[in-house]
Amino acid sequence: GVLNWVFNNLQLPGTTLVSFRPPVAIPFFMGFIFGPWVGLFTGFVGNVIGDLLSGYGFYWAWDVGNGLLGFITGLWPLLMPGMKFETPRDYGMAALATVVASFVGIGFPALIADPFILRNIDFGAAVSTEWLPASITDAINGAVLTPILLYAWNAYKARSGR
């Protein structure tokens, strides 16, 4: 949440409160390692804290969307049981999972909640100023940083004997 607050100041031009957010790798990582419910909690609560610290208030749809990022990546190892994040293929699949999770997870607030439930933006504007910019930046940050976190986790486990 604190890292979200720090990076919320790096807003992308031409968007609706979309920031460049490297901390998005944390819910992805938590989902992969500890499961979908931990990923959901981490993404949801981290976004709530970051938004409140930034003075944005509580935007439940975006909090749920960020929770979905961790939830979706948490499902990935369950769907691919042999994945232990030890081979280049595993890290590649993790990167792919973060890209999928970014577009699907952010799709909920940007493509469903904002235009159809909250009705605060029309669908076309939501695609161009919310969904695409947020999904693309989250996908890039996740695909680059999450495999690094997974590699570091494996190194930690190997040194600690876990």
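Attention in this report is confined to the structure presented alongside it. (Residues numbered from 1 in each chain as written. Predicted model: local features only at pLDDT ≥ 70, side-chain atom pairs only at ≥ 80, totals over all residues. Heavy atoms only, no water.)

## Looking at the packing of aromatic side chains
Overall, the coordinates contain nine aromatic pairs when judged by the stated rule. With a centroid separation of 5.2 Å and 70° between ring planes, the pair formed by Phe32 and Phe85 is classed as edge-to-face. Taken together, the residues span a long stretch of sequence, with Phe32 in helix α2 (residues 25-34) and Phe85 in the loop between α4 (60-79) and α5 (88-117) at a distance of 53 residues. Assessed through its relative accessible area of 5%, Phe32 is described here as buried. Assessed through its relative accessible area of 5%, Phe85 is described here as buried. The structure contains a cluster of three or more aromatic residues connected by ring pairs, namely Phe29, Phe34, Trp153 and Tyr156. (Phe/Tyr/Trp six-rings, centres within 6.5 Å; stacked < 30°, edge-to-face > 60°. Helix = DSSP H or I, 4+ residues; strand = E, 2+ residues; numbered from the N terminus. Buried < 20%, exposed > 50% of the residue type's maximum accessible area, 1.4 Å probe, protein only.)

## Things to note about the packing of α2 against helix α6 (residues 123-160)
As a packed pair, α2 and α6 sit with axes 8 Å apart at the nearest point and diverge in direction by 50°. Our classification of the angle between α2 and α6 gives oblique. Between α2 and α6 the crossing geometry is right-handed. Between α2, through Ala25, Phe28, Phe29, Phe32, Ile33 and Phe34, and α6, the contact on the second element is made entirely by Asp138, Gly142, Leu145, Thr146, Leu149, Leu150 and Trp153. (Axes fitted to C-alpha atoms, helices over the stretch in contact; angles between N-to-C directions. Parallel < 35°, antiparallel > 145°, perpendicular 65-115°, else oblique. Left-handed = near helix turned anticlockwise from the far one by under 90°. Contact = heavy atoms within 4.5 Å.)

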